[in-house]
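Chains, contacts and geometry: an overview
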Amino acid sequence: AQSYHRAKYPNEPLVSFSVKNYKQGDKILDLGCGSGRHMKFLAENGFKAYGCDISSEAIFHAKNLLKEHKLQGVLEIASMESIPFDSEFFDGLFCIGALMYGTKEQIEQNAKEIHRVLKKGAKAFLILRSIKDYRHLHAKAINKYEVIIDIKDEKMPGFCENGMRVYHFDEDEVKRIYANFENITIDSIRHSFENNTYANDNLVVILTK
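Cut-offs applied
- Sequence positions are assigned chain by chain, starting from 1 and proceeding in written order.
- Given that this is a predicted model, residues contribute local features only at a pLDDT of at least 70 and side-chain atom pairs are listed and counted only at 80 or more, while totals for whole chains, interfaces and linings are drawn from all residues.
- The basis for every side-chain value is the complete set of non-hydrogen atoms in the structure, without hydrogens or water.
- Throughout this description, buried means an accessible area under 20% of the type-specific maximum (1.4 Å probe, protein chains only), exposed means over 50%, and partly exposed covers the range between.
- A run of H or I in DSSP becomes a helix once it reaches four residues, and a run of E becomes a strand once it reaches two; helices and strands are each numbered from the N terminus.
- A pair of strands counts as paired when DSSP detects no fewer than two bridges linking them.
- Helix axes are fitted to C-alpha atoms over the stretch in contact, other axes to C-alpha atoms as well, and angles between N-to-C directions run from 0 to 180 degrees.
- Any pair of residues with heavy atoms lying within 4.5 Å of one another is described as a contacting pair.
- Planes of paired rings set the category: under 30 degrees apart is stacked, over 60 is edge-to-face and the rest tilted, where pairs are Phe, Tyr or Trp rings (Trp by its six-membered ring) whose centres lie within 6.5 Å.
- Among buried residues, the Ala, Val, Leu, Ile, Met, Phe, Trp, Tyr and Cys ones that are joined through side-chain atoms within 4.5 Å form a nonpolar core.

Moving on: the pairing of strand 1 (residues 27-31). Strand residues, when the strand is regular, have side chains that alternate between the two faces of the sheet. Among the five residues of strand 1, five are classified as buried, and the element is accordingly described as predominantly covered. Side chains K27, L29 and L31 of strand 1 all project onto a buried face; the interleaved residues I28 and D30 project onto the opposite face, where all are buried too. Looking at chain direction, strand 1 and strand 2 (residues 48-53) are connected through five bridges and run parallel. Residue D30 lies in a different strand from strand 2, and its bridge partner there is G51. Across three bridges, the pairing between strand 1 and strand 4 (residues 90-96) is parallel. Considered in strand 4, the bridge of D30 is made with F94.

See below:
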């Protein structure tokens, strides 16, 4: 089962960010839109919703979700290295927990693409998995940032990612990858479980072109 079927409600930090930073009618791209939970949020709240995902199945679910709620949105099957929209097209962009599934080269290429499709002064909102996340700490290391997920406890959510090669981040790596942006802010969200025995750890990154 793909993880994009599970999450039904929009990411709370993203909702808060969108309301403060984007205005009605803005064209916003959800990169790695999955089955459309954020497309629905955008369309319901007066934004022009655009989404792309490499999975045709995800796009199928996202289209159905919008149709079911009589909402408008533009959806494309696309890889993160080649965003199928014109340069300086978007007023905003976000990517929630999807970039870790790319290689270093794909993520670097995607950073160029995010920069290209945003208007000058526009903001991107990224949630990136950090090297302090439990999945990283228990993984087989390839290098500092790339690991093969290897969770022994099947009750942990990361168990279903076992065997996947993923890319995690720290502040230095974020600053290196997104160096071409005018401004970068980096914060953290840590959510622990089971009496603090393990924790999800993410970096919240805001990029201004």
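After presenting the structure, the write-up continues.
Our focus in this paragraph is the sheet that holds strand 5 (residues 118-129). The strand order across the open sheet built from seven strands is 3-2-1-4-5-10-9, with neighbouring strands paired in mixed fashion. The open sheet has two edge strands, strand 3 (74-77) and strand 9 (183-193), and neither has a second partner. Going across the sheet, the axis of each strand differs from the next one's by a mean of 15°, ignoring polarity. Of the strand pairs in this sheet, strand 5 and strand 10 (residues 198-208) are connected by seven bridges, and their pairing is antiparallel. Directly across from F125, in strand 10, lies its bridge partner I206. Against the sheet, helix 3 (residues 56-68) touches strand 2 and strand 3, its axis set at about 170° to strand 3. Strand contacts of helix 4 (residues 104-117): strand 1, strand 4 and strand 5, with the helix running at about 145° to strand 5, the strand carrying the most contacts.

Under the counting rule described, the total for this entry stands at 15 aromatic pairs. Note on Y50 and F85: the rings are 5.5 Å apart at their centroids and 90° apart in plane angle, and the pair reads as edge-to-face. Note that Y50 is positioned in strand 2 and F85 in the loop between strand 3 and strand 4, a separation of 35 residues in sequence. The two residues Y50 and F85 agree in class, both being buried.

Membership of the largest hydrophobic core comes to 34 residues, with the highest contact counts inside it found for L29, L93, L126, F169 and Y178. Listed by contribution, the elements that provide at least two residues to this core are strand 1, strand 2, strand 4, helix 4, strand 5, helix 6 (171-177) and strand 10. For this core, the leading source of residues is strand 5, giving five residues. In this view, L126 contacts L93, C95, L99, I114, Y178, L203, V204, V205 and L207; residues no more than four positions away in its chain are not counted. Core analysis: the second largest hydrophobic core is formed by 22 residues, F17, M39, L42 and F47 among them.

Moving on: the side chain of E113. Within the fold, E113 resides in helix 4. Filtering out sequence-adjacent residues up to four positions away, E113 remains in contact with M80, E81, S82 and I83.

Here we take up the sheet that holds strand 7 (residues 146-148). Read across the sheet, three strands follow the order 6-7-8 without closing on themselves; strand pairing throughout is antiparallel. Strands with a single pairing partner mark the edges of an open sheet, and in this sheet they are strand 6 (140-141) and strand 8 (165-167). The sheet contact formed by strand 7 and strand 8 spans three bridges and is antiparallel. The residue of strand 8 that forms the bridge with E146 is Y167.

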